[in-house]
Amino acid sequence: MAEFDLTNTIASFLDRHLVFPLLEFLQSKMIYPEDDVLKAKLELLSKTNMVDFASEIHKSLHKSEDVPPEMLANREVIVNKLKTSQQEAGPLLQLLDNKQDVVKQLKNEKNFTMQYLKEHHGVEPENLDALYRYAKFQYDCGNYSGASDYLNHFRMLSTNADKNFSALWGKFASEILCANMEVAVEDMNRLRDAIEQRQFPNTQMQLQQRTWLIHWSLFVFFNHPNGRNGIVDLFFQDRYLNAIQTTCPHILRYLTTAVITNKRRRNVLKDLVKVLQQEQYTYRDPITEFLECLYVNFDFEGAQQKLRDCEKVLVNDFFLVACRDEFIENARMFIFETYCRIHQCIDISMLADKLDMSQEAAELWIVNLIRNAKLDAKIDSAQNHVIMGSQYPSIYQQVIEKTKSLSFRCYVLSQNLERKQQSK
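All figures in this text were calculated on a predicted structure; none of them were measured in a lab.

**Some remarks on the overall build of the protein chain**
- Each helix and strand counted, the protein chain has 22 helices and three strands in total.
- Summarising its shape, the C-alpha atoms of the protein chain cover approximately 85 × 60 × 40 Å along the three principal directions.
- The buried share among the 424 residues of the protein chain stands at 46%.
- As presented, the protein chain carries roughly 22,600 Å² of accessible surface, and 49% of it is formed by carbon and sulfur atoms.
- Averaged over its 50 positive side-chain charges, the protein chain has a centre that lies 5 Å from the centre of its 56 negative ones.

**Brief notes about the nonpolar core**
- The biggest cluster of nonpolar side chains holds 100 residues, and the ones touching the most others in it are F235, Y254 and F290.
- Of the residues forming this core, the biggest block, nine residues, is contributed by helix α19 (residues 324-342).
- With residues near it in sequence (within four places) discarded, Y254 still touches L6, I10, L218, F222, I231, D317, F319 and L320.

**With respect to the pattern of salt bridges**
- Summed over all chains, the structure comprises 24 salt bridges.
- The shortest N-O distance in the salt bridge between K59 and E65 comes to 3.9 Å.
- One salt bridge in this structure joins E289 and K306, with 2.8 Å as the shortest N-O distance. Note that E289 is positioned in helix α17 (residues 286-295) and K306 in helix α18 (residues 300-315), a separation of 17 residues in sequence.

**Considering the environment of F219**
- If you trace the backbone, F219 turns up in helix α12 (residues 203-221).
- A relative accessible area of 4% means that F219 is categorised as buried.
- Each C-alpha atom of the pair F219 and L177 lies 9.1 Å from the other, and the pair is 42 residues apart in sequence.
- The contact partners of F219, leaving out residues within four places of it in the chain, are L14, L18, L22, I176, M181, F318 and F319.

**Details of the packing of aromatic side chains**
- Summed over the entire model, instances satisfying the criterion amount to 18 aromatic pairs.
- For the pair Y139 and Y144, a centre-to-centre distance of 5.4 Å together with 65° between the ring planes defines the contact as edge-to-face. Across the pair, Y144 and Y139 agree in class, each one buried.
- Both rings, one in Y254 and one in F319, keep their centres 5.7 Å apart while their planes meet at 85°; by these two values the pair is edge-to-face. Separated by 65 residues along the polypeptide, Y254 in helix α15 (residues 252-260) and F319 in the loop between α18 and α19 bring together distant segments of the chain. Grouping residues by exposure puts Y254 and F319 together as buried.
- Among the aromatic residues, ring-to-ring pairing joins F25, F219, F222, Y254, F318 and F319 into one connected group.
- The ring of F112 has K107 sitting right over it, with the charged end atom 5.7 Å from the ring centre.
- Of note, R198 hangs over the ring of F200, and the distance from its end group to the ring centre comes to 5.9 Å.

Rules used in this analysis
Residues numbered from 1 in each chain as written. Predicted model: local features only at pLDDT ≥ 70, side-chain atom pairs only at ≥ 80, totals over all residues. Heavy atoms only, no water. Helix = DSSP H or I, 4+ residues; strand = E, 2+ residues; numbered from the N terminus. Buried < 20%, exposed > 50% of the residue type's maximum accessible area, 1.4 Å probe, protein only. Areas by Shrake-Rupley, 256 points an atom, 1.4 Å probe, with all protein chains shown as cover. Lys, Arg positive; Asp, Glu negative; His and termini not counted. Charge placed at Lys NZ, Arg CZ, Asp CG, Glu CD. Core = buried A, V, L, I, M, F, W, Y, C linked by side-chain atoms within 4.5 Å. Contact = heavy atoms within 4.5 Å. Salt bridge = Lys/Arg side-chain N within 4 Å of Asp/Glu carboxyl O. Phe/Tyr/Trp six-rings, centres within 6.5 Å; stacked < 30°, edge-to-face > 60°. Lys NZ or Arg CZ within 6 Å of the ring centre and 35° of its normal.

Encoded structure:
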């Protein structure tokens, strides 16, 4: 399914270290020849400090234990740079590494400031700049946990807005690569607020920052328990939806998957279908086409075929592979619900064909669905039919649903206002 692989497209919006997990996934799926994936890994590693890892990849690629002399020479250069960087960070690095109890006490007493550290621990401003470079060096070496810790301390001490913003991006990437998703969510929200509050030279640069955040956030949204809600909340904001439609319509694959697999966010389905129709000439894949077949064309045979293709896309997508079973289950429910709105009496064998299931499995699935969802429907076993009752939502229920939606929007608005007040 290399035809629908988005790795190369997405990689252009990611830091090179974030691309490694995607390449590892491609290698395990054998979508491309292994030598091609190894070459891509080696190319990525060539601009990092992960020389030992690059040597191992080179050995695997060339089926040899020999390592090129330039790699060995580069290793020596990197080791020397590491020692120099440590010396430049000087007393600040020693304090962070060897006196963690002292650092904790200083934070509790609110004395963890450059002025206090300069007066009592001999830390100079150039040591702080050196810590920033040392953290970046550690990140390039693959020590993401250490880089995150150093960048966090740098942000506490620094008053340089540009470096603080850059350090926040570095910390966000480090937390993703350490799989600390709870902390990564916090960093992602800080970045989102910083992008909106920061003064950029032009709107194009701000658009670029939003586009990067959209792509980096995929690691969080599809690995966090509340990620499916988060992606809908963020990507349906006007400024981010505009960014998706302008620079990265391929992200609609992930937004569509999040909506389909999230039963609590069916309220955005109509809006999503409108966006998919607008962008059908710039981006299409089986996942977006599934919704088009079902809700625009009411083509149940087409939706059934697209659902089969969706399964192949999902199992070969790094971010969506874990959503496969949930997606198929919810997609079948979408087909069933849509079909039932149009027909009052439904032949189970025909419905089984639409759902791409055997007749016995389809009947059992429908029975469980009627029971769990409390649908107004019954099965006529003699005629092998599902008979749907008339369902008209009461005016009271409509008012309740509208009120729930309004309450949630008020909550989101109050949270955004509170964040802005705190940032001031």
